[in-house]
Amino acid sequence: MSLPSLNQDQIKKMILSGFGFVFLLYIYFTFFLGPLNKSRQAAQAAIADVQHKIDTSKGEMAKTANLERQAKDMTAHFTALKALNPEGAPIAWFPPRIKGFFADQQIDKVMARLEGTTSFKEAELPGWTKYDWLIDLPRTDYASLGQAIAALENREPLLCIRKLNIHLTAQEPQFQQVTIAATTAIEKR
Amino acid sequence: MALHLNLLHEQIFEQRQRQRDPLKIGIMLLAGCGALLFLYYGWNAYRTIQTKVRQSAVERDWAKIELAVTAAQKRAAELTGMINTLRVLDTYIDNRFLWAPFLEKISLCVAPNAQLTAIEGAVQEDNKGVTANIEGVAAAREPRSAAEDFRQMLLEQLGQNYRDVKVEFKALEDVESTTKIDGMAMPMAHYIIAVTFTLNSVPKPGPLPLRSKQKNESS
(Lines give C-alpha, C1' and ligand atoms only; values in the text may rest on other atoms or scores of the structure.)
Protein backbone atom coordinates (compact mmCIF):
# COMPACT_ATOMS: atom_id res chain seq x y z
CA MET A 1 0.00 0.00 0.00
CA SER A 2 1.52 3.25 -1.02
CA LEU A 3 1.11 6.25 1.28
CA PRO A 4 -1.22 8.84 -0.13
CA SER A 5 0.41 12.00 -1.16
CA LEU A 6 -0.05 14.67 1.49
CA ASN A 7 -0.64 18.26 0.78
CA GLN A 8 1.00 21.12 2.61
CA ASP A 9 -1.86 21.62 5.02
CA GLN A 10 -1.92 17.95 5.98
CA ILE A 11 1.82 17.87 6.57
CA LYS A 12 1.52 20.91 8.82
CA LYS A 13 -1.30 19.26 10.73
CA MET A 14 0.75 16.07 11.14
CA ILE A 15 3.76 17.92 12.45
CA LEU A 16 1.59 19.85 14.88
CA SER A 17 -0.11 16.62 15.93
CA GLY A 18 3.31 15.05 16.49
CA PHE A 19 4.37 17.94 18.73
CA GLY A 20 1.08 17.76 20.54
CA PHE A 21 1.54 14.03 21.07
CA VAL A 22 5.02 14.46 22.47
CA PHE A 23 3.78 17.25 24.73
CA LEU A 24 0.94 15.08 25.95
CA LEU A 25 3.37 12.23 26.66
CA TYR A 26 5.52 14.65 28.65
CA ILE A 27 2.52 15.84 30.64
CA TYR A 28 1.45 12.26 31.20
CA PHE A 29 4.79 11.01 32.50
CA THR A 30 5.72 14.15 34.42
CA PHE A 31 2.47 15.11 36.06
CA PHE A 32 0.52 11.88 36.21
CA LEU A 33 2.59 8.72 36.13
CA GLY A 34 5.71 10.22 37.74
CA PRO A 35 4.08 11.42 40.97
CA LEU A 36 2.10 8.23 41.18
CA ASN A 37 5.22 6.09 40.94
CA LYS A 38 7.04 8.36 43.32
CA SER A 39 4.26 8.05 45.83
CA ARG A 40 4.26 4.26 45.48
CA GLN A 41 8.03 4.09 45.87
CA ALA A 42 7.83 6.29 48.96
CA ALA A 43 5.16 4.01 50.41
CA GLN A 44 7.29 0.95 49.64
CA ALA A 45 10.28 2.56 51.32
CA ALA A 46 8.14 3.42 54.33
CA ILE A 47 6.86 -0.16 54.47
CA ALA A 48 10.40 -1.52 54.29
CA ASP A 49 11.46 0.87 57.03
CA VAL A 50 8.59 0.01 59.35
CA GLN A 51 8.96 -3.68 58.57
CA HIS A 52 12.63 -3.47 59.48
CA LYS A 53 11.67 -1.73 62.70
CA ILE A 54 9.14 -4.44 63.47
CA ASP A 55 11.64 -7.21 62.75
CA THR A 56 14.33 -5.50 64.81
CA SER A 57 11.92 -4.78 67.62
CA LYS A 58 10.98 -8.44 67.87
CA GLY A 59 14.65 -9.26 68.35
CA GLU A 60 14.98 -6.34 70.73
CA MET A 61 12.08 -7.51 72.86
CA ALA A 62 13.41 -11.06 72.93
CA LYS A 63 16.82 -9.71 73.91
CA THR A 64 15.29 -7.60 76.67
CA ALA A 65 13.35 -10.56 78.01
CA ASN A 66 16.52 -12.63 77.96
CA LEU A 67 18.46 -9.84 79.61
CA GLU A 68 15.77 -9.50 82.24
CA ARG A 69 16.06 -13.19 83.07
CA GLN A 70 19.84 -13.02 83.22
CA ALA A 71 19.85 -9.83 85.25
CA LYS A 72 17.44 -11.10 87.87
CA ASP A 73 20.17 -12.03 90.33
CA MET A 74 22.25 -9.05 89.35
CA THR A 75 19.34 -6.70 90.00
CA ALA A 76 18.97 -8.10 93.49
CA HIS A 77 22.72 -7.80 94.03
CA PHE A 78 22.76 -4.24 92.72
CA THR A 79 19.78 -3.26 94.86
CA ALA A 80 21.52 -4.75 97.87
CA LEU A 81 24.68 -2.76 97.11
CA LYS A 82 22.72 0.44 96.73
CA ALA A 83 20.82 -0.27 99.92
CA LEU A 84 24.11 -0.33 101.82
CA ASN A 85 24.22 3.43 101.68
CA PRO A 86 21.25 5.32 103.06
CA GLU A 87 19.92 8.45 101.46
CA GLY A 88 21.23 11.82 102.49
CA ALA A 89 24.64 13.42 102.63
CA PRO A 90 27.31 10.80 103.49
CA ILE A 91 28.95 13.22 105.91
CA ALA A 92 25.75 13.03 107.94
CA TRP A 93 25.44 9.29 108.22
CA PHE A 94 28.86 7.75 107.63
CA PRO A 95 30.75 8.97 110.74
CA PRO A 96 27.97 7.93 113.17
CA ARG A 97 27.67 4.60 111.42
CA ILE A 98 31.40 3.92 111.72
CA LYS A 99 31.40 5.07 115.32
CA GLY A 100 28.50 2.74 116.06
CA PHE A 101 30.16 -0.10 114.21
CA PHE A 102 33.40 0.13 116.17
CA ALA A 103 31.47 0.63 119.42
CA ASP A 104 29.82 -2.72 118.70
CA GLN A 105 33.34 -4.13 118.39
CA GLN A 106 34.25 -2.71 121.81
CA ILE A 107 36.36 0.07 120.32
CA ASP A 108 35.23 3.44 121.60
CA LYS A 109 35.85 7.08 120.85
CA VAL A 110 36.21 6.48 117.14
CA MET A 111 36.21 9.57 114.96
CA ALA A 112 35.62 9.56 111.23
CA ARG A 113 36.10 12.62 109.10
CA LEU A 114 35.75 13.32 105.44
CA GLU A 115 39.01 13.92 103.59
CA GLY A 116 37.59 14.58 100.17
CA THR A 117 35.61 13.23 97.27
CA THR A 118 36.60 12.17 93.77
CA SER A 119 34.72 10.85 90.79
CA PHE A 120 35.35 7.42 89.42
CA LYS A 121 37.48 7.25 86.29
CA GLU A 122 35.33 4.45 84.92
CA ALA A 123 32.67 5.62 82.50
CA GLU A 124 30.30 2.98 83.83
CA LEU A 125 30.08 4.72 87.20
CA PRO A 126 28.89 8.21 86.39
CA GLY A 127 26.45 8.21 89.29
CA TRP A 128 28.93 7.09 91.91
CA THR A 129 31.48 9.04 93.93
CA LYS A 130 34.49 8.03 95.96
CA TYR A 131 34.50 9.43 99.48
CA ASP A 132 37.83 9.41 101.29
CA TRP A 133 37.57 9.13 105.04
CA LEU A 134 40.05 9.23 107.87
CA ILE A 135 39.04 7.06 110.79
CA ASP A 136 40.84 7.48 114.10
CA LEU A 137 40.78 4.76 116.69
CA PRO A 138 42.55 6.30 119.69
CA ARG A 139 42.67 3.18 121.85
CA THR A 140 42.31 -0.42 120.81
CA ASP A 141 44.14 -3.70 121.09
CA TYR A 142 45.48 -5.60 118.11
CA ALA A 143 43.11 -8.54 118.38
CA SER A 144 40.00 -6.39 118.61
CA LEU A 145 41.31 -4.27 115.77
CA GLY A 146 41.88 -7.32 113.56
CA GLN A 147 38.40 -8.64 114.26
CA ALA A 148 36.84 -5.23 113.74
CA ILE A 149 38.63 -4.73 110.42
CA ALA A 150 37.62 -8.19 109.23
CA ALA A 151 34.02 -7.48 110.18
CA LEU A 152 34.18 -4.05 108.56
CA GLU A 153 35.57 -5.46 105.31
CA ASN A 154 32.86 -8.10 105.28
CA ARG A 155 30.01 -5.79 106.14
CA GLU A 156 31.01 -2.88 103.91
CA PRO A 157 31.95 -4.28 100.51
CA LEU A 158 32.11 -0.78 99.04
CA LEU A 159 34.63 0.33 101.64
CA CYS A 160 38.27 -0.03 100.74
CA ILE A 161 41.04 0.62 103.27
CA ARG A 162 43.90 2.42 101.55
CA LYS A 163 46.18 3.07 104.50
CA LEU A 164 46.50 1.65 107.94
CA ASN A 165 48.75 3.03 110.67
CA ILE A 166 49.06 1.28 113.98
CA HIS A 167 51.17 2.78 116.75
CA LEU A 168 51.66 2.00 120.38
CA THR A 169 50.12 4.49 122.71
CA ALA A 170 52.76 6.12 124.85
CA GLN A 171 50.97 5.78 128.16
CA GLU A 172 49.49 2.31 127.69
CA PRO A 173 51.79 0.07 125.63
CA GLN A 174 49.25 -2.76 125.60
CA PHE A 175 46.98 -0.61 123.46
CA GLN A 176 47.42 0.82 120.01
CA GLN A 177 46.39 4.00 118.34
CA VAL A 178 45.14 3.37 114.83
CA THR A 179 44.44 5.56 111.84
CA ILE A 180 42.58 4.12 108.89
CA ALA A 181 42.33 5.89 105.56
CA ALA A 182 39.39 4.39 103.73
CA THR A 183 37.46 5.03 100.54
CA THR A 184 33.81 4.28 100.06
CA ALA A 185 31.89 4.17 96.82
CA ILE A 186 28.58 5.93 97.30
CA GLU A 187 25.87 6.53 94.78
CA LYS A 188 24.95 10.15 94.14
CA ARG A 189 21.39 10.88 95.20
CA MET B 1 -10.78 -8.85 -23.70
CA ALA B 2 -14.14 -7.37 -22.86
CA LEU B 3 -14.30 -3.72 -21.98
CA HIS B 4 -15.26 -3.22 -18.36
CA LEU B 5 -16.50 0.18 -17.30
CA ASN B 6 -16.55 1.07 -13.62
CA LEU B 7 -19.02 3.87 -13.28
CA LEU B 8 -18.48 4.07 -9.52
CA HIS B 9 -14.78 4.67 -9.91
CA GLU B 10 -14.93 8.19 -8.63
CA GLN B 11 -17.06 7.33 -5.64
CA ILE B 12 -14.79 4.43 -4.69
CA PHE B 13 -11.73 6.60 -5.10
CA GLU B 14 -13.20 9.24 -2.82
CA GLN B 15 -14.14 6.60 -0.25
CA ARG B 16 -10.60 5.23 -0.32
CA GLN B 17 -9.24 8.74 0.03
CA ARG B 18 -11.44 9.30 3.07
CA GLN B 19 -10.31 6.03 4.61
CA ARG B 20 -6.65 6.94 4.13
CA ASP B 21 -7.13 10.42 5.58
CA PRO B 22 -3.95 10.91 7.71
CA LEU B 23 -5.77 13.12 10.15
CA LYS B 24 -8.30 10.45 10.82
CA ILE B 25 -5.61 7.78 11.12
CA GLY B 26 -3.64 10.06 13.44
CA ILE B 27 -6.68 10.66 15.61
CA MET B 28 -7.32 6.94 15.80
CA LEU B 29 -3.71 6.26 16.66
CA LEU B 30 -3.80 8.93 19.35
CA ALA B 31 -6.99 7.55 20.77
CA GLY B 32 -5.40 4.09 20.86
CA CYS B 33 -2.27 5.35 22.59
CA GLY B 34 -4.42 7.39 24.97
CA ALA B 35 -6.40 4.30 25.89
CA LEU B 36 -3.20 2.30 26.47
CA LEU B 37 -1.70 5.06 28.59
CA PHE B 38 -4.93 5.36 30.54
CA LEU B 39 -4.93 1.63 31.22
CA TYR B 40 -1.28 1.74 32.22
CA TYR B 41 -2.02 4.65 34.55
CA GLY B 42 -4.95 2.73 36.00
CA TRP B 43 -2.74 -0.29 36.62
CA ASN B 44 -0.16 1.86 38.34
CA ALA B 45 -2.80 3.61 40.40
CA TYR B 46 -4.14 0.23 41.49
CA ARG B 47 -0.66 -0.88 42.55
CA THR B 48 -0.13 2.36 44.43
CA ILE B 49 -3.40 1.99 46.28
CA GLN B 50 -2.47 -1.59 47.17
CA THR B 51 0.88 -0.39 48.49
CA LYS B 52 -0.79 2.36 50.50
CA VAL B 53 -3.19 -0.12 52.02
CA ARG B 54 -0.25 -2.37 52.95
CA GLN B 55 1.58 0.61 54.39
CA SER B 56 -1.41 1.48 56.57
CA ALA B 57 -1.60 -2.10 57.81
CA VAL B 58 2.10 -2.22 58.62
CA GLU B 59 1.93 1.14 60.37
CA ARG B 60 -1.03 -0.05 62.42
CA ASP B 61 1.00 -3.10 63.44
CA TRP B 62 3.93 -0.90 64.36
CA ALA B 63 1.72 1.48 66.36
CA LYS B 64 0.48 -1.51 68.33
CA ILE B 65 3.96 -2.62 69.39
CA GLU B 66 5.80 0.69 69.35
CA LEU B 67 5.09 1.53 73.00
CA ALA B 68 6.10 -1.93 74.14
CA VAL B 69 9.26 -1.77 72.03
CA THR B 70 10.21 1.65 73.34
CA ALA B 71 9.67 0.44 76.89
CA ALA B 72 11.72 -2.68 76.14
CA GLN B 73 14.55 -0.63 74.67
CA LYS B 74 14.53 1.67 77.67
CA ARG B 75 14.54 -1.29 80.02
CA ALA B 76 17.34 -2.96 78.05
CA ALA B 77 19.39 0.23 78.28
CA GLU B 78 18.72 0.39 82.02
CA LEU B 79 19.66 -3.25 82.51
CA THR B 80 22.80 -2.92 80.40
CA GLY B 81 23.81 0.15 82.38
CA MET B 82 23.12 -1.64 85.62
CA ILE B 83 25.08 -4.72 84.53
CA ASN B 84 28.04 -2.58 83.47
CA THR B 85 27.93 -0.60 86.71
CA LEU B 86 27.68 -3.79 88.72
CA ARG B 87 30.58 -5.33 86.83
CA VAL B 88 32.79 -2.36 87.65
CA LEU B 89 31.60 -2.31 91.25
CA ASP B 90 32.29 -6.03 91.57
CA THR B 91 35.78 -5.47 90.19
CA TYR B 92 36.21 -2.66 92.72
CA ILE B 93 35.05 -4.96 95.51
CA ASP B 94 37.14 -7.93 94.36
CA ASN B 95 40.26 -5.81 93.92
CA ARG B 96 40.14 -4.46 97.44
CA PHE B 97 43.11 -5.36 99.53
CA LEU B 98 41.81 -6.99 102.68
CA TRP B 99 43.80 -5.96 105.69
CA ALA B 100 42.42 -8.47 108.18
CA PRO B 101 44.22 -11.49 106.62
CA PHE B 102 47.40 -9.42 106.40
CA LEU B 103 47.20 -8.45 110.07
CA GLU B 104 46.54 -12.08 110.88
CA LYS B 105 49.65 -13.16 108.99
CA ILE B 106 51.74 -10.64 110.89
CA SER B 107 50.33 -11.77 114.21
CA LEU B 108 51.24 -15.37 113.35
CA CYS B 109 54.87 -14.36 112.94
CA VAL B 110 55.33 -12.49 116.17
CA ALA B 111 57.19 -14.64 118.65
CA PRO B 112 56.89 -14.08 122.42
CA ASN B 113 60.31 -12.44 122.45
CA ALA B 114 59.34 -9.87 119.84
CA GLN B 115 57.11 -6.88 120.03
CA LEU B 116 55.77 -4.67 117.29
CA THR B 117 55.57 -0.99 117.99
CA ALA B 118 54.20 0.29 114.71
CA ILE B 119 52.74 -0.89 111.46
CA GLU B 120 52.27 1.53 108.60
CA GLY B 121 50.76 0.08 105.48
CA ALA B 122 49.40 1.51 102.28
CA VAL B 123 47.84 0.15 99.13
CA GLN B 124 49.40 1.41 95.92
CA GLU B 125 47.36 3.65 93.68
CA ASP B 126 46.59 1.02 91.08
CA ASN B 127 45.54 -1.49 93.77
CA LYS B 128 48.17 -3.93 92.58
CA GLY B 129 50.53 -3.88 95.48
CA VAL B 130 50.99 -3.04 99.12
CA THR B 131 53.86 -1.48 100.98
CA ALA B 132 54.23 -1.63 104.73
CA ASN B 133 56.75 -0.71 107.35
CA ILE B 134 56.80 -2.80 110.48
CA GLU B 135 58.68 -1.49 113.43
CA GLY B 136 59.44 -3.40 116.58
CA VAL B 137 61.91 -4.77 119.06
CA ALA B 138 63.19 -8.28 119.59
CA ALA B 139 64.82 -9.59 122.75
CA ALA B 140 67.03 -12.67 122.88
CA ARG B 141 70.58 -13.71 123.54
CA GLU B 142 71.08 -12.82 119.90
CA PRO B 143 68.44 -10.15 119.35
CA ARG B 144 69.41 -9.63 115.71
CA SER B 145 68.79 -13.33 115.09
CA ALA B 146 65.38 -13.01 116.70
CA ALA B 147 64.62 -10.09 114.39
CA GLU B 148 65.87 -12.10 111.43
CA ASP B 149 63.64 -15.03 112.47
CA PHE B 150 60.70 -12.68 112.45
CA ARG B 151 61.64 -11.40 109.00
CA GLN B 152 62.01 -14.96 107.65
CA MET B 153 58.71 -16.01 109.14
CA LEU B 154 56.99 -12.98 107.71
CA LEU B 155 58.45 -13.69 104.27
CA GLU B 156 57.22 -17.26 104.42
CA GLN B 157 53.73 -16.39 105.66
CA LEU B 158 53.13 -13.55 103.23
CA GLY B 159 54.50 -15.63 100.35
CA GLN B 160 51.57 -18.01 100.81
CA ASN B 161 49.02 -15.35 99.87
CA TYR B 162 50.82 -12.70 97.90
CA ARG B 163 53.19 -12.44 94.96
CA ASP B 164 56.66 -10.86 94.66
CA VAL B 165 56.97 -10.56 98.40
CA LYS B 166 59.95 -8.61 99.63
CA VAL B 167 60.66 -8.36 103.33
CA GLU B 168 63.80 -6.38 104.04
CA PHE B 169 65.35 -4.66 106.99
CA LYS B 170 65.33 -0.93 106.68
CA ALA B 171 67.02 -0.66 110.04
CA LEU B 172 68.34 -3.11 112.58
CA GLU B 173 70.25 -1.84 115.56
CA ASP B 174 71.04 -2.95 119.06
CA VAL B 175 69.37 -1.16 121.90
CA GLU B 176 71.21 -0.25 125.08
CA SER B 177 68.48 -1.33 127.44
CA THR B 178 67.60 -4.92 128.24
CA THR B 179 64.37 -6.67 129.08
CA LYS B 180 63.60 -9.67 131.25
CA ILE B 181 62.29 -12.84 129.68
CA ASP B 182 61.64 -15.75 132.06
CA GLY B 183 63.60 -13.85 134.69
CA MET B 184 66.67 -13.45 132.52
CA ALA B 185 67.87 -10.09 131.23
CA MET B 186 68.05 -10.15 127.49
CA PRO B 187 69.57 -7.60 125.12
CA MET B 188 67.23 -6.03 122.61
CA ALA B 189 67.38 -4.98 119.00
CA HIS B 190 65.22 -2.42 117.31
CA TYR B 191 64.21 -3.05 113.73
CA ILE B 192 62.20 -1.59 110.92
CA ILE B 193 61.16 -4.02 108.22
CA ALA B 194 59.94 -2.88 104.83
CA VAL B 195 57.40 -5.18 103.24
CA THR B 196 56.25 -4.97 99.64
CA PHE B 197 54.20 -7.40 97.63
CA THR B 198 51.75 -7.60 94.80
CA LEU B 199 48.38 -9.19 95.16
CA ASN B 200 48.35 -12.78 94.02
CA SER B 201 44.89 -14.10 94.49
CA VAL B 202 42.24 -12.09 96.13
CA PRO B 203 41.49 -13.53 99.55
CA LYS B 204 37.75 -13.48 100.03
CA PRO B 205 36.52 -11.59 103.07
CA GLY B 206 35.38 -13.80 105.84
CA PRO B 207 38.00 -15.25 108.15
CA LEU B 208 38.29 -13.50 111.43
CA PRO B 209 41.70 -13.24 113.10
CA LEU B 210 42.69 -16.41 114.88
CA ARG B 211 42.74 -16.80 118.60
CA SER B 212 46.47 -17.46 118.47
CA LYS B 213 46.93 -13.96 117.15
CA GLN B 214 45.26 -12.55 120.20
CA LYS B 215 47.55 -14.70 122.29
CA ASN B 216 50.57 -13.40 120.44
CA GLU B 217 49.55 -9.85 120.79
CA SER B 218 48.57 -10.06 124.38
CA SER B 219 51.96 -11.53 125.29
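Residues numbered from 1 in each chain as written. Chains lettered and ligands numbered in written order. Predicted model: local features only at pLDDT ≥ 70, side-chain atom pairs only at ≥ 80, totals over all residues.

Some details on the overall build of chain A
- A count of helices and strands for chain A gives three helices and four strands.
- Along the chain direction, N to C, the helices and strands of chain A fall in the order α-α-β-β-α-β-β.
- Scored against the burial criterion, the 189 residues of chain A give a buried share of 21%.
- Excluding contacts between residues fewer than 6 apart, the proportion of contacts in chain A whose partners are at least 24 apart in sequence is 58%. (Helix = DSSP H or I, 4+ residues; strand = E, 2+ residues; numbered from the N terminus. Buried ≥ 20, exposed ≤ 12 C-beta atoms within 10 Å, placed from the backbone. Contact = placed C-beta atoms within 7 Å.)

Topic: the overall build of chain B
- Broken down by element type, chain B carries five helices and four strands.
- In chain B, the succession of α and β elements from N to C terminus is α-α-α-β-β-α-β-β-α.
- Within chain B, residue pairs in contact and separated by at least 24 positions form 66% of the contacts whose partners lie at least 6 positions apart.

Thoughts on the sheet that holds strand E4 (residues 176–187) of chain A
- With antiparallel pairing, the eight strands of this open sheet are ordered in space as E1(A)-E2(A)-E4(A)-E3(A)-E1(B)-E2(B)-E4(B)-E3(B). Single-partner strands in this sheet number two, and they are strand E1 (111–119) of chain A together with strand E3 (162–181) of chain B. Here the average twist between neighbouring strands, direction ignored, is 15°.
- Contacting E1, strand E2 (128–140) and E4 of chain A, helix H2 (residues 90–104) of chain A runs over the sheet at an angle of about 135° to E1(A). (Pairing = 2+ DSSP bridges. Axes fitted to C-alpha atoms, helices over the stretch in contact; angles between N-to-C directions.)

Topic: unusual backbone geometry
Residue and element names in this part refer to chain A.
- The phi torsion at glutamine 106 lies on the positive side, around 65°, for a residue other than glycine.
- On the secondary structure map, glutamine 106 appears in the loop between H2 and E1.
- For glutamine 106, a count of 11 C-beta atoms within 10 Å gives the class exposed.
- The phi angle at lysine 109 is positive, at roughly 60°, despite the residue not being glycine.

With respect to the environment of Gln124(B)
All names here are of chain B.
- Position of glutamine 124 relative to the elements: it lies in the loop between strand E1 (114–123) and strand E2 (129–139).
- Separated by 27 residues in the primary sequence, glutamine 124 and phenylalanine 97 place their C-alpha atoms 9.9 Å from one another.
- With residues up to four places along the chain from it excluded, the contact list for glutamine 124 reads Gly129, Val130 and Thr131.

Examining the interface of chain A and chain B
- In this assembly, 59 residues from chain A lie in contact with 58 residues from chain B.
- Those elements that provide at least two residues to the side of chain A that touches chain B are helix H1 (8–83), helix H3 (142–155) and strand E3 (159–168) of chain A.
- The greatest single-element share of the side of chain A that touches chain B, amounting to 33 residues, is contributed by H1(A).
- Considering only residue class, the side of chain A that touches chain B consists of 32 nonpolar, 15 polar and twelve charged.
- Examined bridge by bridge, E3(A) and E1(B) share five bridges and lie antiparallel to one another. Its bridge partner being in E1(B), Asn165(A) is matched across the sheet by Glu120(B). (Nonpolar A, V, L, I, M, F, W, Y, C, P; charged D, E, K, R; others polar.)

Describing the packing of helix H3 (residues 99–109) of chain B against helix H4 (residues 143–161) of chain B
All names here are of chain B.
- One way to put it is that H3 packs onto H4 with a least axis distance of 9 Å and a crossing angle of 145°. The element H3 and its partner H4 pack so that their crossing is right-handed. Residue-level contacts link Pro101, Lys105, Ile106, Leu108 and Cys109 of H3 to Phe150, Met153, Leu154, Gln157, Leu158 and Asn161 of H4.
- Of the residues that constitute the contact of H3 with H4, the class distribution is eight nonpolar, two polar and one charged. (Left-handed = near helix turned anticlockwise from the far one by under 90°.)

Some details on the pairing of E3(A)
- Pairing of E3(A) with E4(A) involves nine bridges; the strand directions are antiparallel. Bridge pairing links Leu159(A) to Thr184(A) in E4(A).

A few points about the pairing of E3(B)
Residue and element names in this part refer to chain B.
- Pairing analysis gives 15 bridges linking E3 to strand E4 (residues 184–199), with the strands arranged antiparallel. Bridge pairing in E4 places threonine 178 opposite proline 187.
- Between E3 and E4, which follow one another and run antiparallel, lie two residues, and aspartate 182 among them has a positive phi close to 55°.

A short note on the confidence of the model for chain B
Residue and element names in this part refer to chain B.
- Residue-level pLDDT values for chain B average 83, and 90% of them are 70 or greater.
- Across residues 206–219, where pLDDT falls below 50, the model places 28 contacts with residues more than four positions away in sequence or in other chains.
- If you check the scores for this complex, the pTM reads 0.70 and the ipTM reads 0.74. (pLDDT = per-residue confidence, 0-100.)

Description of H1(A)
Residues and elements named next belong to chain A.
- Alanine 71 marks where H1 bends most, by close to 50°.
- Burial analysis of H1 places just three of its 76 residues in the buried class, which makes it a mostly uncovered element.
- Within H1, the full set of buried residues consists of Ala43, Thr64 and Ala71. (Bend = angle between axes of the 7 residues up to and from the residue.)

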